Amino acid sequence: MHITERVTNEDKLVHVRAIEDADFKQITVKRYLFNWKKLEHECKIYKLTLIDSEDVLGLIALIDFPEEERTEIKLLTSSIENIGKEKQYDRIAGCLIAFAGKEAIGKFKNYPALSLVPKTELKQHYIAKYKMIDAGWQLYLEDISLLNVIKQYLS
């Protein structure tokens, strides 16, 4: 799995792992626009880092709904320097979404789905970029659309 440095167009290998208590020292509201510590008891939170660094570049919070064979992305963000037109790296959100999709497939083998409730201004972005399906207040991926995102970002 890789992200792309925008200045050099160089791919950098990354991995996604569960956060640890020590990570909260660098996961500040100033850098991630949310107090992620609030979610640690209701969600599984994962971080995206470069293979050779502990600097957290992106975060995703997941909740499983086994009765629906669905994993929901409760919250997803890149670090402040990786948001907008001047961001340092591309593909952070895509890698995190693909990771969440792979987790859903691992847990719900029959008919896994991945969903999120987008901010209004991001809804069309998720539909266009990740081919998410509009289900009204939620967007989701399943079947071939889920596999395509995983293939695109995890290979």
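Residues numbered from 1 in each chain as written. Predicted model: local features only at pLDDT ≥ 70, side-chain atom pairs only at ≥ 80, totals over all residues. Heavy atoms only, no water.

S.K.: Help me understand the overall build of the protein, please; the structure alone is not making it clear to me.
M.R.: Counting its regular elements, the protein contains four helices and nine strands. Taking 155 residues into account, the globule formula puts the C-alpha radius of gyration at 15 Å, and the protein, at 15 Å, falls close to it. In terms of its C-alpha atoms, the protein occupies a principal-axis envelope of roughly 40 × 35 × 30 Å. In the protein, which comprises 155 residues, the proportion classed as buried is 45%. Sequence separation of 24 or more characterises 58% of the internal contacts of the protein that already satisfy a separation of 6 or more. (Helix = DSSP H or I, 4+ residues; strand = E, 2+ residues; numbered from the N terminus. Rg over C-alpha atoms; globule rule 2.2 N^0.38 Å. Buried < 20%, exposed > 50% of the residue type's maximum accessible area, 1.4 Å probe, protein only. Contact = heavy atoms within 4.5 Å.)

S.K.: Got a minute to help me understand the environment of H15 in this structure?
M.R.: Tracing the chain through its elements places H15 in strand 2 (residues 10-18). Judged by its relative accessible area of 23%, H15 is partly exposed. Linking H15 and A128, residues 113 residues apart in sequence, is a C-alpha distance of 25 Å. Once residues within four sequence positions are removed from consideration, H15 is found in contact with M1, K47, L48, T49, L50 and I51.

S.K.: Got a minute to help me understand a nonpolar patch on the surface in this structure?
M.R.: A cluster of nonpolar side chains, namely L33, I80 and I83, defines an oily patch on the protein surface of about 270 Å² accessible area. Along the polypeptide, I80 turns up in the loop between strand 5 (70-78) and strand 6 (89-90). (Patch = residues over 30% accessible without salt bridge, like charges linked within 9 Å, V, L, I, M, F, W, Y side chains within 5 Å. Areas by Shrake-Rupley, 256 points an atom, 1.4 Å probe, with all protein chains shown as cover. Salt bridge = Lys/Arg side-chain N within 4 Å of Asp/Glu carboxyl O.)

S.K.: Even after reading the chapter, I still don't get the sheet that holds strand 1 (residues 2-5), so can you show me in this structure?
M.R.: Pairing between the strands of a sheet comes from backbone hydrogen bonds, and it takes one of two forms, parallel or antiparallel. If you trace the nine strands from one edge of the open sheet to the other, you get 6-1-2-3-4-5-7-9-8, paired in mixed fashion. Bordering the open sheet on either side are strand 6 and strand 8 (133-134), each of which pairs with just one other strand. Bridge analysis of strand 8 against strand 9 (residues 139-142) gives two bridges, and the strand direction is antiparallel. When the bridges of strand 9 are listed, I133 appears paired with Y140. The strands touched by helix 4 (residues 143-154) within the sheet are strand 1, strand 7 (113-116), strand 8 and strand 9, with strand 9 carrying the most contacts at an inclination of about 85 degrees. (Pairing = 2+ DSSP bridges. Axes fitted to C-alpha atoms, helices over the stretch in contact; angles between N-to-C directions.)

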